[in-house]
Amino acid sequence: MSILWQRWLHLTLCLSLSLLLPLQVMAVDEKSVKAAIVYNFSRFVREKDPSVATRMMCVLGDVPEATIFDEIMSAETLPEGVTYQRLTNFADMKHRCQIAFMPAALQDRLQEFLQLADESGLLTISDADNFIEQGGMVGLEVIRGKVRFSVHVKRVADTGMTIDSQLLRLARIVE
Amino acid sequence: MYDPIFRLWLTALLALVCGSAWASTDPDSLLSASLSDLMSIEVTSANKRQERAFEVASAVYVLTADDIASVGARNIPEALQYVPGMQVARIDTNRWAISARGYNDAYADKLLVMIDGRSIYTQFYSGVYWDNNDIPVDLIERIEVIRGPGAAIWGANAVNGVINIITRDVAATQGLYLTGVNGSGDEDGFLEAWYGGRISTQMLGRISLKFAQRDNGEPLVRQPDGQLEDWQQLRLGGRIDYQDGYDEWVLDAEVFSSTAEDYESDYSLAAPWRRSFKASREGDGYFLRGEWRHYVSSAVQAKLTSYISGESLDTDQLSYRSTTYDIEYQQTHDAGQHLLVWGLGARRYADTIGGSFVFNMAPESDAIRIFNGFFQDEVTLWNDALRLIIGSKLEYHDYTRFNLQPSARLSYFPSQSTTLWAAASRSVRQPSRADRGLVINTVAPPFTADYPGPYPFLTALRGSVDVYEETAKTLEIGYRWRSARAISLDITLHLTDYDDLVSSSFSGPFCAGGISLQTNPGCIVTSPYLEGHLVTTNDTSGRVGGIEIAITYQPDDQWRTDAGGHWLEVLKDRGAGRANERNRTDPRYQLFLRNHYQFSERWSVDVNLRRVDELPGILVPAYTSLDMQLRWRPSESLELSLTGQSLLDSQRPEFFLSSEVEKEMPRTVYVRFRFER
């Protein structure tokens, strides 16, 4: 390769650097990524009934996987039409929340969560093991180091909520 | 020749300009990331991979991208130098002799090497053309080295070890990345660059390139034709990752071209009998690989991989062209106490090898088909304290028909901090095209110490279609321990019995044309030369044993030490004479010590030492190698480093091929920048 060509290559690469500004993706801890995904859910889930203007997003528990939501669901970052509350008493979910997230750290209370959610007709999200098989609606799991989610479409429809097609396209659909 | 001062200046200028425009990463940016971006992020679940490596019933050593950067590796062989049990010796600027647990040679044939599941091992001589596989090192996520047989899953030719080089996902290489090296010694320089971006909601892509240039090693004896031209290589690659719910697709491709010069020897049946000359050595190749991963559920996963690859090498005496088609399917079932893995595969390798008087192949073209199926069950017993893995691969190879390669492995966990393991396996090395059909002709002149008679002597090394597979039976036991915080220890003892090893047996002398002197003694009167035949057969066997140790000490985030080494002993060797100390071409022992110290957020230093035993069979003395590296991160996106390799010797030999001009490797100092955005 000629000297001139090599010098040209150096200079061209140097000049072109400033033109490129994509997002740099890096390895991050699991609970932050899951929290960010659940945050996105609250943006893409709507009530079918247009007269219902707001939806309450509830997160259950005192564990770090729940308290992280206090940081990200602040007044400045809440999506439009979404209000947020973190609950330690599961029974408080009833008639208050439209969407509820239970972290996997509270796996031993899964049945209690699902029963209360069923009685309230709210949309349930969790990263607990076999969440959908046990009766949940949106399950998160880590596959090969990346977070994936499954959606039981019929159960979601029964709550009167709809999920944006953009989100459904990225999900594994469970019938 | 490129002005070195100008290049250093340009590198510094590039670094300064780049350094003035850096972007920092901010965890809060997760909220502004799109859902598809979030799903592309690799999450760090605490120590899952380290857990597996600690529990596995194999002699596994993993080099992470950090380890590779710490040793200042510019290519894959340099990274492998710090793996216990591996013999890595440099022959010249772009060729290496690499093996595990002995039997090392430029054409070492008992190691299976893969990049992202694609075999880079050639059926031509059962080895790897490392110069054709000089991929961008910073694209490597990790290198998994399994010493010992991995045949039950990986199949034939994984007799002494398996090396899995895994490149980074496109999601982990988004944005622009540039790295350049500029130096003295043998390192003229190289440039690696890639750019990754989002093509659609579910699709990410990356393009990459590597251009490298390196000086050739200094010949031990000055050659009449003068200096060799530099080795140059250009590689261009691309990859697309697509995910759709739980399905992932990967399409990966690369083309490369390289050119080098080397000294070759030509023989003739008239004076001057042998001459050394400068010859060009040109290589090129490509691959296209597709992969589909399907997650049926968290308990059942499937993977389908297919690739086509081609490589060629042209020297003055040999032209080699090959194409490989491969397709493989694998499924994993997690059934509680049992983890089942099974798979099927098919491969077709075809080549055309043109030669000369010195090297030629019969037949010139051939095709080999390989079909395989494997099965493995990992059973958890006794409250998770015991894990038994039994498995086998059944392989059909056009040359040798059916072969079964079973293995049994047991792991025992007496506590959270200790693993004891043991394994027994049978593995096979299939005959290569060279074993079966390569002819190498060399001529010894008359009136010399070796052949005092008045006739030149032609020695013809000949492959044979009667060559069949080599077999090995291996026993291994291992012990791993880790303290609560800082120390981990890994010891492996191994013993392998080799049977039917390929070697050559001499018959002759004959008159020209192979006429027997015994039946026709009068032929000597008119014969212009005498000849002898080294016929390739499977009539040697051997037993090799050894111990491999690796220790890690990391008391805090700032300091880490890795030490290790191995001792290898040829216990028995019938036929090839390897047990004879004078013929030894594998180091009896090797030791290494790596130290990484992070002074501050921005500065770190690496000091790496290796000690390698002598190779009396090829007159290479023992040596100690010292490499040092100073790294500075003026910002999140820029790193500058200064590296010195082989600092204790101005030059030294590591390996000689008896048929070639012997070369020494020089001390090397280089500067490097890494920029990402």
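Everything below is about the structure shown above.
The rules we used
Residues numbered from 1 in each chain as written. Chains lettered and ligands numbered in written order. Predicted model: local features only at pLDDT ≥ 70, side-chain atom pairs only at ≥ 80, totals over all residues. Heavy atoms only, no water. Helix = DSSP H or I, 4+ residues; strand = E, 2+ residues; numbered from the N terminus. Buried < 20%, exposed > 50% of the residue type's maximum accessible area, 1.4 Å probe, protein only. Contact = heavy atoms within 4.5 Å. Areas by Shrake-Rupley, 256 points an atom, 1.4 Å probe, with all protein chains shown as cover. Arc of directions from axis to C-beta. Salt bridge = Lys/Arg side-chain N within 4 Å of Asp/Glu carboxyl O. Expected span 1.5 Å × (residues − 1). Pairing = 2+ DSSP bridges. Axes fitted to C-alpha atoms, helices over the stretch in contact; angles between N-to-C directions. Disulfide = S-S within 2.5 Å.

Undergrad: What's the story with the overall build of chain B in this structure? I'm lost.
TA: Across its full length, chain B carries nine helices and 39 strands. Scored against the burial criterion, the 677 residues of chain B give a buried share of 56%. Long-range pairs, those at least 24 residues apart, make up 63% of the contacts in chain B between residues at least 6 apart in sequence. A total of about 27300 Å² of accessible surface is found on chain B, and carbon and sulfur atoms cover 58% of it.

Undergrad: For this particular structure, what's the right way to read helix α3 (residues 64–72) of chain A?
TA: A turn of α-helix holds 3.6 residues, and therefore any two residues three or four places apart point the same way. The set of residues buried in α3 of chain A consists of Ala66, Ile68, Phe69 and Ile72 of chain A. Buried residues of α3 of chain A, viewed axially, fall in a sector of 150°; they line one side.

Undergrad: Would you take a moment to explain the pattern of salt bridges for this structure?
TA: Where charged atoms from two side chains of opposite charge approach closely, those side chains can pair. All names here are of chain B. In this structure the tally under the stated criterion is 49 salt bridges over all chains. The closest approach of N and O atoms between Asp266 and Arg275, which form a salt bridge, is 3.9 Å. With a relative accessible area of 43%, Arg275 lands in the partly exposed category. Asp606 is the salt-bridge partner of Arg631, the closest N and O atoms lying 3.3 Å from each other. Note that Arg631 is positioned in strand β35 (residues 623–635) and Asp606 in strand β34 (residues 603–612), a separation of 25 residues in sequence. Note on accessibility: Arg631 and Asp606 belong to one class, buried. Three or more residues are tied together by salt bridges with common partners; here these are Arg101, Arg147, Arg409, Glu476 and Glu548.

Undergrad: What should I look at first to understand helix α2 (residues 30–44) of chain A in this one?
TA: Residue and element names in this part refer to chain A. Here α2 is 15 residues long and its end C-alpha atoms lie 21 Å apart, about the 21 Å a rise of 1.5 Å per residue gives. Of all 15 residues making up α2, 12 are buried, and the element is well covered by its neighbours. Taken together, the buried positions of α2 are Ser32, Val33, Lys34, Ala35, Ala36, Ile37, Val38, Tyr39, Asn40, Phe41, Ser42 and Phe44.

Undergrad: Whenever I open this one, the sheet that holds strand β6 (residues 123–126) of chain A confuses me. Can you help?
TA: Pairing between sheet strands relies on hydrogen bonds along the backbone, with the strands arranged either parallel or antiparallel. Residue and element names in this part refer to chain A. In spatial order, the strands read β4-β3-β5-β6-β7-β8-β10; together these seven strands make up an open sheet with mixed pairing. Taken across any chain shown, the strands that pair with only one partner, and hence form the sheet edges, are β4 (82–87) and β10 (172–174). Averaged over all pairs of adjacent strands, the angle between their axes in this sheet comes to 20°, without regard to strand direction. For β6 and strand β7 (residues 138–143), the ladder comprises two bridges, and the chain directions are parallel. Following the sheet pairing, Ser126 is matched in β7 by Gly139. Contacting β3 (55–60), β4 and β5 (99–102), α3 runs over the sheet at an angle of about 145° to β4.

Undergrad: Would you explain the state of the cysteines in this entry?
TA: By definition, a disulfide is the covalent link that joins the sulfur atoms of two cysteine residues. Under the criterion given, the structure shown has two disulfides over all chains. Put simply, Cys58 of chain A and Cys97 of chain A are joined by a disulfide, and their sulfur atoms are 1.9 Å apart. When the S-S torsion is -90°, as for the bridge of Cys58 of chain A with Cys97 of chain A, the disulfide is left-handed. Highlighted residues: Cys58 of chain A in strand β3 and Cys97 of chain A in the loop between β4 and β5, separated in sequence by 39 residues. The exposure class assigned to Cys58 of chain A is buried, which follows from its relative accessible area of 0%. A sulfur-sulfur distance of 1.8 Å marks the disulfide that ties Cys511 of chain B to Cys523 of chain B. Measuring handedness by torsion sign, the sulfur bridge of Cys511 of chain B and Cys523 of chain B sits at about 75° and is right-handed. In this pair, Cys511 of chain B is assigned in strand β29 (residues 487–511) and Cys523 of chain B in helix α9 (residues 523–526), connecting sequence segments 12 residues apart.

Undergrad: I would appreciate a short explanation of the environment of Pro454 of chain B in the present structure.
TA: Residue and element names in this part refer to chain B. Looking at where Pro454 falls in the secondary structure, it is placed in the loop between β26 (438–444) and β27 (457–462). Put simply, Pro454 and Tyr529 are 75 residues apart on the chain and 8.8 Å apart in space, counted from C-alpha to C-alpha. Setting aside its immediate chain neighbours within four residues, Pro454 contacts Pro446 and Phe447.

Undergrad: Would you take a moment to explain unusual backbone geometry for this structure?
TA: Negative phi is the rule for most residues except glycine; trans is the rule for most peptide bonds. All names here are of chain B. The residue after Ala271, namely Pro272, is reached through a cis peptide bond having omega 5°. Along the chain, Pro272 turns up in the loop between β16 (247–267) and β17 (274–295). Look at the link from Gly508 to Pro509: it is a cis peptide, with omega at 0°. As for its placement among the helices and strands, Pro509 is situated in strand β29. The residue Trp273 is not glycine, and still its phi comes out positive at about 70°. Residue classification places Trp273 among the buried residues on the basis of a relative accessible area of 19%. Residue Phe447 is not a glycine yet carries a positive backbone phi of 55°. Of note, Phe447 is situated in the loop between β26 and β27. The exposed category is assigned to Phe447, whose relative accessible area is 62%.

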